[in-house]
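# Per-entry structural report
Chain residues, written in single-letter form:
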Amino acid sequence: MLLIFGFAVFFRTVGHGDFHCPRCGGDRRYRRRLARRWFTLFFLPVIPLTKAGEVVECTACRGRFGLGALRLPTAQQMEAALPLAMRAAAVLVLAAGDRDDTGARSRAVEAVRGYGAADFDDDALQAAIDEPPRDAEEVIATAGAQLTAEAREWFLAQAVRIALADGALSDVERQALRLVADRLGLTPAHAFGVIATTEGAARE
């Protein structure tokens, strides 16, 4: 009798979810799949052997990626992260200056709304000032990791404009802006350039 045996890798689905597919370039459903080597007989898996790792499989393009692909933010996550980050940055900057200045508060509300929080108003700003988010720096860092260099510059420029709304930048305000820039992932030299450029534009 002829026996046909060998070894093969088979996948088993161990989870589902949404992720940003590197190949599709958009949000897709994924299957988290566990790979295991099997001893096969007549091409059928008979004896399970060692695990061969886990992969993330896009249900649209069928591409398979390492688990690191799950760390890429989806468009929905990114949409939610940006207004939270700007709110956190605005509170940091206002706390370093005159938090009661009408112009600065108005600029802060405008900046947060510009990042998608259409219902954000002065009352919401006051609530954020009264109870600053404990993870403010982490929230800014999360958003910064999702942004291009140009988008980080624009984000920091918005924070600078908030600080400038109550007058010239104080040393404390500059320190707060440097903290925001650092959490965004900008170098000190890069941050200095953005702050100086925004200051110059405000004087014109």
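Shown above is the structure to which this text applies.
No experiment lies behind these values; they were computed from the predicted model shown.

Moving on to the side chain of Gln158. The residue Gln158 is located in helix H5 (residues 149–164) in this model. Among the residues examined, Gln158 registers a relative accessible area of 10% and is labelled buried. Not counting chain neighbours up to four residues away, the residues in contact with Gln158 comprise Met86, Ala111 and Tyr115.

Another aspect to go through is the packing of H5 against helix H7 (residues 188–203). Running from N to C, H5 and H7 point in directions that differ by 50°, and their axes come no closer than 9 Å. Here H5 is positioned oblique relative to H7, judged by the angle of their axes. Relative to H7, the crossing made by H5 is right-handed. Between H5, through Glu153, Leu156, Ala157, Val160, Arg161 and Leu164, and H7, the contact on the second element is made entirely by His190, Ala191, Val194, Ile195, Thr198, Glu199 and Ala202.

Further remarks concern the side chain of Glu199. Following the sequence through the fold, Glu199 ends up in helix H7. Among the residues examined, Glu199 registers a relative accessible area of 10% and is labelled buried. A polar contact of 2.8 Å, which involves the side chain of Glu199, links it to the side chain of Arg174. For Glu199, the contacting residues outside a window of four places in its chain are Leu164, Leu169 and Arg174.

A word on the packing of aromatic side chains. As enumerated under the stated definition, the model contains three aromatic pairs in all. Between Phe19 and Tyr30, the ring centres sit 5.5 Å apart and the planes meet at 75°, which makes this aromatic pair edge-to-face. One end of the pair, Phe19, is in strand S1 (residues 5–21); the other, Tyr30, is in strand S2 (residues 26–41), with 11 residues separating them in the sequence. In this structure, Phe19 and Tyr30 share a single accessibility class: buried. A residue is classified by how much of its surface remains accessible, and Phe19, at 1% relative accessible area, is buried. One aromatic cluster is present, formed by Phe19, Tyr30 and Phe65 through successive ring pairs.

Criteria and cut-off values
Residues numbered from 1 in each chain as written. Predicted model: local features only at pLDDT ≥ 70, side-chain atom pairs only at ≥ 80, totals over all residues. Heavy atoms only, no water. Helix = DSSP H or I, 4+ residues; strand = E, 2+ residues; numbered from the N terminus. Buried < 20%, exposed > 50% of the residue type's maximum accessible area, 1.4 Å probe, protein only. Contact = heavy atoms within 4.5 Å. Axes fitted to C-alpha atoms, helices over the stretch in contact; angles between N-to-C directions. Parallel < 35°, antiparallel > 145°, perpendicular 65-115°, else oblique. Left-handed = near helix turned anticlockwise from the far one by under 90°. Polar contact = N/O pair within 3.5 Å; in protein donor to acceptor, adjacent residues only side chain to side chain. Phe/Tyr/Trp six-rings, centres within 6.5 Å; stacked < 30°, edge-to-face > 60°.

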